[in-house]
Amino acid sequence: RRMPPRFGRFTTAIGYAITTLGFGIMINPTWATLPGYLFLGLVVGLIVSYGGRFPSLTPILPTLSALVVTLLATWFVAAAVNDGLLRVISPALVATLPGMALTTGAMELADSRIISGSSRLIYGISQLALLVFGVMLGMHIAGSEITPRAPSAPMGPWSLYLSIVVVGIGLFIYLSAPPGSLFWLTAAIAVAVLGQKLAESLMSSAHSGFIGAILAVLFAMLATRIKTSPPAVVMLLAAFWSLVPGAMSFMSVSQAATGSDADVATMGAAGAAIAAIALG
């Protein structure tokens, strides 16, 4: 933990922009949104990378990131690509989304670790609230409302496989992965994402993360026995990032807070996704 990152702050921000592009292709694969994903991802990457130098700014980084991204997307990106605002900004905010905290908290509660699990869940919910506050503040300043729009031209079904490679490269740079681990990170992401996708034919999308998480853990535990692979926790971290449980909860809470179409079932689906991944 005391070692400096393998890459500089600006290179780390570039890695985050690549990660945002990959998640954007995975969540909302449309051609016109690709430049917007790179632009917004670079902005958030710079905020997170350089803001980390000032510990006193850490509590407001989620709100600041959400505010800046919402303003930029409203003024320069969302209207140009004719896409919904939340679908444009969610991939760029994946670093500040509390998906890992919420999932880990649910895992700890399931394992009867009451104190740590409940503390982590409350932390994740508070981070989510800060993000939503930033989005609402940005919308108020920009004078925009989240309204459904016709999506731009979609990419082909091959976009899912492309997104896996792009996310693997981005996380390799952004998280300063060990040398020689790019193949294993990409493989772990592929197992989690493709497993989750195949599970959607048997169960709802909110519960498909259960299968993706199981396959990711099994793959990491088996692959770590190979000498060229990194530790299992490295592959698991990349796999859990790719499942993106926080993206669904962020969009659900944002829709409810801004008065868009969201009901109890939508919020329940977000909670079900987190619980399913934790159970897996």
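These numbers were taken from a predicted model, which means no experiment stands behind them.

Caption draft 1: The arrangement of the nonpolar core in detail. Leu40, Val69, Ala73, Ile89, Leu93 and Ile189 are the most contacted members of the largest nonpolar core, which totals 38 residues. Residue assignment for this core shows that the elements contributing at least two residues are α1 (9-27), α2 (34-51), α3 (61-81), α4 (85-89), α6 (114-142), α7 (159-174), α8 (182-199) and α10 (232-243). When residues of this core are assigned to their parent elements, the largest contribution, seven residues, is made by α7. Counting residues in hydrophobic clusters, the runner-up holds 16 residues, among them Trp184, Ala187, Ala188 and Leu236.

Caption draft 2: Broad picture of α10. Taking 1.5 Å as the rise per residue, α10 with 12 residues should run 16 Å; its terminal C-alpha atoms sit 17 Å apart, in good agreement. Within α10, nine of the 12 residues are buried, which leaves it mostly tucked inside the rest of the structure. Where α10 is concerned, the buried positions are Ala232, Met235, Leu236, Ala238, Ala239, Phe240, Trp241, Ser242 and Leu243.

Caption draft 3: Region of the structure containing the environment of Leu215. Checked against the element boundaries, Leu215 lands in helix α9 (residues 209-223). By relative accessible area, Leu215 is classed as partly exposed at 33%. Distance in space between the C-alpha atoms of Leu215 and Ala188 is 8.9 Å, their sequence separation being 27 residues. The contact partners of Leu215, leaving out residues within four places of it in the chain, are Val191 and Gly195.

Caption draft 4: α6, seen in detail. In this model α6 runs 42 Å from its N-terminal to its C-terminal C-alpha over 29 residues, within 8% of the 42 Å that 1.5 Å per residue would give. Every buried residue of α6 is listed here: Gly117, Gly124, Gln127, Leu128, Leu131, Val132, Gly134, Val135, Gly138, Met139 and Ala142. Looking one or two places after α6, you find Gly143, whose phi comes out positive at around 70 degrees.

Definitions and cut-offs
As a convention, each chain's residues are numbered from 1 in the sequence order in which they are written. Local features in this predicted model are restricted to residues of pLDDT 70 or higher, and side-chain atom pairs are both shown and tallied only at a pLDDT of 80 or more, whereas totals for entire chains, interfaces and linings draw on every residue. With hydrogens and water stripped out, all remaining heavy atoms of the structure feed into the side-chain values. Definition of nonpolar core: a set of buried residues of the types Ala, Val, Leu, Ile, Met, Phe, Trp, Tyr and Cys, connected through side-chain atoms within 4.5 Å. Residue burial is assigned from relative accessible area. The probe radius is 1.4 Å, only protein chains are included, and a residue is buried under 20% of its type maximum, exposed over 50%, and partly exposed in between. Runs of E in the DSSP output that reach at least two residues are strands. Runs of H or I that reach at least four are helices, and both are numbered from the N terminus. By this rule, a helix spans an expected 1.5 Å times one less than how many residues it contains. Residues count as neighbours in contact if any of their non-hydrogen atoms are within 4.5 Å of one another.

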